[in-house]
Amino acid sequence: MRRRAAAAAAAAARVRGHLTSGRSKREDQLTGNFHRLFFNSNKRRFLNNLRPLAREGENSNNEFDVVVVGGGHAGTEAAAAANRRGSRVALITPQPVKSIGEMSCNPSIGGLGKGTLVREIDALDGLMAKAADLSGIQFRVLNSSKGKAVRGVRAQMDRGLYKKHMQKLVGELPNVTVVDACVSGLLIDERGEEKSSSSSSSSRNSSNNTSDRSDVSKTCKGVRLEDGTSVFAKAVVITTGTFLRGVLHLGGGEKVFNAGRISSNVTERADNLASTASSSLADSLYGLNLRMGRLRTGTPPRLRKSTIDFTRCEEQKGDDVPEPFSFYNLSLSSTKRPWMPSQEQVSCHSTSTNAETEKMIMSHPNYADENLATGPRYCPSIESKVRRFPNRDHVVWLEPEGLTSDIIYPAGISNSLPKGTQLDMLRSIPGLENVEMLRPGYAVEYDYVDPRELRRTLEVQKVKGLYLAGQINGTTGYEEAAAQGVLAGANAADRDSPLELSRDSSYLGVLADDLTTRGATEPYRMFSSRVERRLSIRGDNADIRLTKIGHKCGLVSDERYQFATERENLSKRAIHLLKNTNGFRQQAKQWIHLGCMRCPDARHGRLISPAEVIQSGEEIGNIINALSQMVSNTKAEKENSIYDEEKETETALRELLDIRERDISALELASTDLYYENYIRRQSKDVSDMKKDETLIIPEDINYDDVFGLSAEDKEKLASVRPETLGHAGRIQGVSQSAMLSLLRYCQKKDRYDERQKEKKVFINK
Amino acid sequence: MKMRILRRSAEPCAFDVSSSSSFSFESLFLFLRRSILESTPPRRRHHHHHHHHHHHHHHHHHHHHHHRSLHHLLSSKQQRKTHRVFLNSQKEESAEAKKTAFPSKPRLLTTKTTTRKTASFSTFATKCSSALKVKVEVKEEEEEEEEEEEKEEGSTIYAISTPPGRGGVAVLRISGPKSWEVGERLTLTGLLKEKRGRLEDVDEYISSTRKRRKKRREMARPGVLRRAQFVFETRERELEEMDELELEDDDDEFDKVEGGKGQGRRRENQAPAVARRKEKNTIGVIDEGLIVFFEAPRSFTGEDVCELHMHGSIAVCKKVLEVLATMSAVDEKDDGKNSPTLLSFRNLRPAEPGEFSKRAFLNKKMNLVQAESLADLIESETEAQRALAVSEIELGSADGDVSYRRAPTASSLSRKVDEWTNVLTKALAVCEAVLDFPGEDPKLESSLIHRDVLPAICRVKGEIDAALKDAEARELVRTGVRVCIVGATNAGKSTLLNYFAKRNVAIVSKVPGTTRDVVEVSLELDGRKVVIFDTAGHRFLPIAGKTSSTSEIMEECYDAGDEDESLFDDEYERRVGKLSDDTKDLIDEIEREGIERGKNVAKMADIIIEMIDATNPKRIDFANMNIKRADGIKIISVVNKCDALYVLEEEEEEEEEEEEVYSRYDRSLLRLSLRTGQGLEALTKAVSNAVQECTITASSSSSQASDGATAAIARSRHRAHARAISNSLGACLSELNKETTSDDNVKKTTEDEGSKCSLNHSLGHVRTELVAEDLREALDNCSRVVGRLDVTENVLDVLFSEFCIGK
């Protein structure tokens, strides 16, 4: 039954042209042994740009513009972004057919904050949104009862489909060579400076200023593969995720493996390969004298779907009218032909733990959180949840891993308990009484590079041409990784015209700024609360915020730019109409009569414009309905006498309706912009304040010992981050106000001094 | 042998040791390892080690250098302490051995043969060096200290901290890394005490910084006032060899302020270099007084501080500053190699205004609010100002030294702001949790916002509003209450001002319109600062049916053009006498300007004294001047020249006029006669009461400021932030209340139109993000008051500790 439905959906999708090949049994095979499949039939593989590299001694040289190490979410986006800016890219990852597009943890994309990141990736013409729209099996807008600024699209993915679509998108990239290999080290050009290995290892801990400065002259020239082949490139992007010295903890300290993850289709070989390679890569990163730290993340056990009693769980359906990630899909939908996902939509379920579960968990004394590296506070293991908030039920979400997959991902109970305890615990949860555990949950500890070692372009400060993106920078989540990939890839493609996104431009800008100023003490995840300007930086206007910027630096195609501009113009026009059409104004009484309940109170029968009604929280749909009703009413009343104003009102309405037909998202955008107008205006004042600080550039060669009045603590913090602007310095955690004052004074003094020197020179020259 | 400071060697483990060294490194290694690994009390270890050490003395008399340097490697405080103990014990026990070690002077070994020691030791040393980030070298501990201090950035500043002019005492404050040395240089206290003034000792004192510093740390007890003579040195080239020394034994160190009498002395100093043999240093006495040292960080500025208490003579101050100025001039010829004989200090300069406080602020001795309050305290002229400022500073209860080391306790405003910040952070955390993690914690519901956030916001807003109301009063305490005297010309305004000032500030004459400019006098009235302004009198023109102030009429005249000008001229002539046209114009203009200024001052005043001339009873039209009692301006109306009135009263013909005064205006008008002094007391009391009234909230709360009932917001900067917080919170509340009211609205209307009941459901739309926005802005303003940052991180901390979040 389900099969047939799926096939029907696939057929429908084929008609829409989203899929070139229908989904069939092959899909099942895809989730199985992909590796074999790839070697067996070249026709079926999606990665059609997978190529071997030239062997040592062969004539053709292994030279690229950009080398991307790692084929995860960050790696693919980095390769694609660099490619969009016209670079020849090598994407090096072991077993690419297996790793590209792999969702290593939860089978979902988006969410609050994260959803906005996906939109921003799309606004910069990235891949994630496109692949997610094609593979989503449940779309939901979170916080739909709250304002648009804090909403987020989230979608359950079919793992196999996502992988397939992602590989297809990567395969279509021109000038991207996918290389199946392991990278074992970096080729660093020290520019004449001798660096003995012993000194680098002995002074690893001492972040001495002078040594830092001498390091600046390093340049990354490429990578060395495990088989000894050298691949040369102008820039290298490393996106190795959790594989840097990854240690896997299972069973409350019972078992410890050296691996970055357990892959979903248990072929340990690749992981072992990857992990060994990554640890030699880690050595090579350590050799660069970067500060590194250790973090932890966890994953829940996987369950067999057929053994779960869903009747005892609460069903959670997707939205009736799903909202896509990509602006392509969003802009092309209207009331008449709304966007529909190409895949069949399924439900999630939720259940919750109980006292029995808690007892089970507490019975196990080994408490991983105490012994392991810092894990994320927002994604705690069930052990720590129970310990920190006892005597409470904790929600467990049961998420399907795919349409045809028999695996359920139980979100909310990641743990590293022993296998037996895990099963006992699971079976105490309603609905899971007879559950079969396919794979136990585990925790992973891994190395990350302190992101304060990076510039805001994600380039390593000490090494020219070396970029880091993704979980290696201490973040967590597919979206965060992919977003960093876009940034790093775009910058690696052209170091001279960097793509720098400011804090008031985007979530991605906040992400980069937070990472490079504050570092990551726990795995960094995007929250909307991290974004001070979230009322103006929203998911629904990501294209308007970023596409222009991306287009300027060649990251976004002209076609795409046109697309965004059109949407912007439509929404601007709608705002104008809603604000300035006199005929739309009417008394509060009338608005309420026409069904707009959230109309502002207005004394003395003041006429209220639709913009005001929007500002007090009315939905745009209701307003349009009310307006059309109003216009038709007046028409009926005064059929014969057609005044100019009425004509004007009518045309305005017609125009609004036309916009709704052409791109309903533009109309929605207009209403959201109006809704937050007052607040945004206030914020823009703050932004200009911030900009002032941002324009004060701290000299790159500043020696913080020269700045009078800095405490040792401040000096250390500033020296470790080496902020680029005063505003940047102010956001470094723990840097005091007085330190800012000293810094400001120093910079001003230095400016004056420099000016005087310049004047002197001019004088002498005269 | 001359002393040389060894530069830090570039090689990480290069040892400058004597080649003849045969020291057992193993014992050292063992000892060090023990002292690192175990944390046994240092004294014991040293004792143990000492024997060891002693034992080896004859082998190699320099070996304790190794100890020192390696100790230095482990230069934690404890280690240093142990070292000192070690040295002291050594001093007692092996004085003899030491003599052989330092035959004449302490010095560094100059045999620079670098020998690598046994492998085990060098690896150990490398470990040490990498662990402690210092390079191993053999160096005298004191020298190292010296070098460290030289490296320390920051100049030494000085200034006379007492007001200029004559006085009993003048205090010179010197702050900065070199302040102690400068102080000693100025007084030669250290020198005199140390060596009782023998020439070779003086020589040694000057040449051996090492010893001096050591001694200084021991003897110049910080915070103890000592008697001293302030001296200056002049260097003269003289051909004769040396003078006879005229030094007497001195006892001029006292632990108490009182004590014996020092004597003037001449001191000669011979420079160690041969070339200088003919150079003679003469010491002259400037003054005699007290000196006190403060050691960083336990000083006002947080740096080393030295204070000289001199006699407050203009000449003494001048001379001392002169001497300091010569000290700060760096002699280019001597590039510091012979620094012991040099009088100059690098980076010594006069302090900029307020620089001591600035350094205190930068060194975290106080926060922004406290720094501001200190400025206020110094500026304070009246009791109320003092009390207000001191309530803010509150440097913490003095429970020993501990209180100095920790950050100064928050002042009452900062404490209150902290409290508000905490409450608002919690409120924002709830909002953010609802926004960012819906449904993840079952406890998280939108209803939380009404339950938790609303009351918190209400409370904080209430407190801020109360504080703001209070703030205005506090501001008045700080700046002084402005009292403005207005009235018709020749009503006696200037006479009243002179009475308040108790001197002839303003010119008084019988001619109407004598006062042209605004005359201002500051004085204290019952502990409150009051600023009294005397203004030019208003002229009243005899226009039928209309009583208006001159200024208005004048304006009208000028505006209307010619027709009324003659009227004005007539009036003027009547009063002032005939004037030439040019002069008249000029005088008109000056008077017009004077009146305009007077009006402006009156608008800004807190209290207005309206003077009414009893013989010419005209009242000021305040409404015309845009002055309203409702704005909080208090108006005291007095009728001057009452003595004349009584005369008039006696003459019954003039009853009419009197009636006019009393019938048209309040009978309770104060009656005053500046000529006889009648009613002055009552007026003073009335003004005083009004002043008290203006500042009542502040006075009441400044006395309770310690228990923090209301926050003291005295500065306009704070007020601006507080007002911004209040506004943001107001917006929050209206948003939250609107929520409830518009929901009610919806309910009402839906009740009316039952058919649209379903709409009610879809309209349950909580605008939490807007509430959060306003809360965030309020928090931003909170952090701006005391100068702290990072709202987001705090909110996330609270959020994760309050709610169970996570998928």
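Residues numbered from 1 in each chain as written. Chains lettered and ligands numbered in written order. Predicted model: local features only at pLDDT ≥ 70, side-chain atom pairs only at ≥ 80, totals over all residues. Heavy atoms only, no water.

**Some remarks on the overall build of chain A**
A count of helices and strands for chain A gives 29 helices and 23 strands. A buried classification covers 61% of the 766 residues belonging to chain A. Restricting the contact set of chain A to residue pairs at least 6 apart, pairs at least 24 apart contribute 76%. Total accessible area computed for chain A in this model is approximately 30600 Å², and 49% of it derives from carbon and sulfur atoms. (Helix = DSSP H or I, 4+ residues; strand = E, 2+ residues; numbered from the N terminus. Buried < 20%, exposed > 50% of the residue type's maximum accessible area, 1.4 Å probe, protein only. Contact = heavy atoms within 4.5 Å. Areas by Shrake-Rupley, 256 points an atom, 1.4 Å probe, with all protein chains shown as cover.)

**Quick notes on the overall build of chain B**
Check the secondary structure of chain B and you find 30 helices and 13 strands. Across the 807 residues in chain B, those meeting the buried criterion constitute 50%. Residue pairs in contact within chain B that sit at least 24 positions apart in sequence constitute 75% of those at least 6 positions apart. Per element, the accessible surface of chain B, about 38700 Å² overall, is 51% carbon and sulfur.

**Some remarks on unusual backbone geometry**
All names here are of chain A. Backbone geometry at Asn289 places phi at a positive 70°, although glycine is not the residue there. Tracing the backbone through its elements, the reader meets Asn289 in the loop between helix H11 (268-286) and strand S12 (292-299). By relative accessible area, Asn289 is classed as buried at 10%. Phi is positive for Leu458, which is not a glycine, with a value near 70°.

**Let's talk about the sheet that holds strand S14 (residues 314-316) of chain A**
Residue and element names in this part refer to chain A. Spatial ordering of the open sheet is given by S14-S15-S16-S17-S13-S18, a layout of 6 strands whose pairing is antiparallel. The sheet is open, and its two edges are formed by S14 and strand S18 (437-439), each paired on a single side. When the angles between neighbouring strand axes are averaged without regard to direction, this sheet yields 35°. (Pairing = 2+ DSSP bridges. Axes fitted to C-alpha atoms, helices over the stretch in contact; angles between N-to-C directions.)

**Side note on the side chain of Asn541(A)**
For Asn541(A), the position within the fold is in the loop between helix H18 (507-518) and helix H19 (542-552). In this structure Asn541(A) touches Ser536(A), Leu669(A) and Asp673(A), once residues within four positions along its chain are discounted.

**With respect to the packing of helix H6 (residues 114-123) of chain A against helix H17 (residues 478-493) of chain A**
All names here are of chain A. Two elements in contact, H6 and H17, have axes whose closest approach is 9 Å; the angle formed by their N-to-C orientations is 30°. Between H6 and H17, the interaxial angle falls into the category roughly parallel. Note on packing geometry: the crossing formed by H6 with H17 is left-handed. Touching Lys114, Leu117, Val118 and Ile121 of H6 are Glu479, Glu480, Ala482, Ala483 and Val486, all from H17. For the contact of H6 with H17, the residue count by class is 6 nonpolar, no polar and 3 charged. (Parallel < 35°, antiparallel > 145°, perpendicular 65-115°, else oblique. Left-handed = near helix turned anticlockwise from the far one by under 90°. Nonpolar A, V, L, I, M, F, W, Y, C, P; charged D, E, K, R; others polar.)

**Comments concerning the sheet that holds strand S8 (residues 481-487) of chain B**
Pairing is mixed in the open sheet, where 6 strands are placed in the order S9-S10-S8-S11-S12-S13 (chain B). Looking at the sheet topology across the chains shown, the edges are occupied by strand S9 (519-525) and strand S13 (670-671) of chain B.

**Regarding the pattern of salt bridges**
Residues and elements named next belong to chain A. Summed over all chains, the structure comprises 55 salt bridges over all chains. Its salt-bridge partner being Glu479, residue Lys114 comes within 3.0 Å of it at the nearest N-O pair. In this pair, Lys114 sits in helix H6 while Glu479 sits in helix H17, placing the two residues 365 residues apart along the sequence. One network of salt bridges, in which partners are shared, links Arg456, Arg503, Asp513, Asp514, Arg518 and Glu532. (Salt bridge = Lys/Arg side-chain N within 4 Å of Asp/Glu carboxyl O.)

**A few points about the state of the cysteines**
Residue and element names in this part refer to chain B. Taken as a whole, this structure holds 0 disulfides over all chains when the rule is applied. With no disulfide of its own, Cys431 lies 7.4 Å from the sulfur of Cys732, the closest cysteine sulfur. Given a relative accessible area of 0%, Cys431 falls into the buried group. (Disulfide = S-S within 2.5 Å.)

**Observations concerning the confidence of the model for chain B**
Residues and elements named next belong to chain B. The predicted model of chain B has a mean per-residue pLDDT of 62, with 47% of residues at 70 or higher. Mean pLDDT across the elements of chain B bottoms out in helix H28 (residues 757-762) (33) and peaks in strand S2 (residues 167-175) (89). Counted against residues more than four places away or in other chains, residues 395-411, with its pLDDT under 50, gives 24 contacts. Within the model, pLDDT remains below 50 along residues 542-565, and this stretch shows 37 contacts once partners closer than five positions in the same chain are excluded. (pLDDT = per-residue confidence, 0-100.)

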